[in-house]
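Topology and contacts: notes
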Amino acid sequence: TQPGTRVDFSELTIRGGAGVEQGAGLRIVDATVTLDQVTLEANTATKEGGGIYNDGYLTVTRSLVSANATSASVGLGGGGLYNLRTATIETTTFVNNTSPGGILGSGGGAGILNADTGVLTLTNSTLSGNRAEQGDGGGIFNSGATTAVHVTASGNGTPNGLGGGVF
């Protein structure tokens, strides 16, 4: 998205994005984006945010973020979502996202990586089957501000790190 814009997506699938460093499915910079009943699946970024890279204002409701990844060689994290600013997630499932990690990064936060500048609110959502191979936080890696209400983190993993569900 372009800086300063507002975009609303509903009943849409974003699939198979690749070949970019950030946000193979959706890259948000200084914009406001709302996703309602959107599926983001099988997108792969080389560094951050396989499904979504957010450096703006993101609202996601009734959606699915599935099988997204950062690449094995340089991935920094956030297979499903890499959040730098403000993300509000409601009634959404993050499932089977991966962040293998590699020479340049930890590969943490396979489901969601909420960076130190990020403000993340999760409500009535599920993180399941997400896997951070070399980093921390299979479901969520949080170094910013996170509020979670009625959230299930189940079956997430970090075989070489800490916080299979939440770090």
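These remarks concern the structure in this document. A quick note: this is a predicted structure, and the numbers were derived from the prediction, not measured.

Calculation notes
- Residues numbered from 1 in each chain as written.
- Predicted model: local features only at pLDDT ≥ 70, side-chain atom pairs only at ≥ 80, totals over all residues.
- Heavy atoms only, no water.
- Helix = DSSP H or I, 4+ residues; strand = E, 2+ residues; numbered from the N terminus.
- Contact = heavy atoms within 4.5 Å.
- Areas by Shrake-Rupley, 256 points an atom, 1.4 Å probe, with all protein chains shown as cover.
- Lys, Arg positive; Asp, Glu negative; His and termini not counted.
- Charge placed at Lys NZ, Arg CZ, Asp CG, Glu CD.
- Buried < 20%, exposed > 50% of the residue type's maximum accessible area, 1.4 Å probe, protein only.
- Pairing = 2+ DSSP bridges.
- Salt bridge = Lys/Arg side-chain N within 4 Å of Asp/Glu carboxyl O.

**Comments concerning the overall build of the protein**
On a plain count of helices and strands, the protein comes out with zero helices and 18 strands. A principal-axis box enclosing the C-alpha atoms of the protein has dimensions of 40 × 35 × 25 Å. Long-range contacts, defined here as pairs at least 24 residues apart, represent 82% of the contacts in the protein between residues at least 6 apart. A total of about 6700 Å² of accessible surface is found on the protein, and carbon and sulfur atoms cover 49% of it. Once the 7 positive and 12 negative side-chain charges of the protein are each reduced to a mean point, those two points are 3 Å apart.

**So, the environment of Thr126**
By secondary structure assignment, the location of Thr126 is in strand S14 (residues 126–128). Along the chain, Thr126 and His150 lie 24 residues apart, while their C-alpha atoms are 8.8 Å from each other. Excluding its chain neighbours within four sequence positions, the residues that come into contact with Thr126 are Thr92, Thr93, Phe94 and Thr152.

**Here we look at the pairing of strand S13 (residues 119–123)**
Along S13, the buried face is formed by Leu120 and Leu122; none of Val119, Thr121 and Thr123, which line the opposite face, is buried. The pairing of strand S9 (residues 86–90) with S13 spans five bridges and is parallel. From the neighbouring strand, Ile89 faces S13, where its bridge partner is Leu122. Where S13 and strand S17 (residues 145–149) come together, five bridges link them in parallel fashion. Among the inter-strand pairings, Val119 is bridged to a residue of S17, identified as Ala145.

**What about the pattern of salt bridges?**
Throughout the structure, instances matching the rule amount to seven salt bridges. A salt bridge links Asp8 to Arg6; the shortest N-O distance between them is 3.2 Å. Of the two residues, Asp8 and Arg6, both sit in the exposed class. One salt bridge connects Arg15 with Glu41, and the closest N-O pair in it is separated by 2.5 Å. In this pair, Arg15 sits in strand S1 (residues 6–15) while Glu41 sits in strand S3 (residues 26–41), placing the two residues 26 residues apart along the sequence. Given a relative accessible area of 56%, Arg15 falls into the exposed group. The network of salt bridges with common partners includes Asp30, Asp55 and Arg85.

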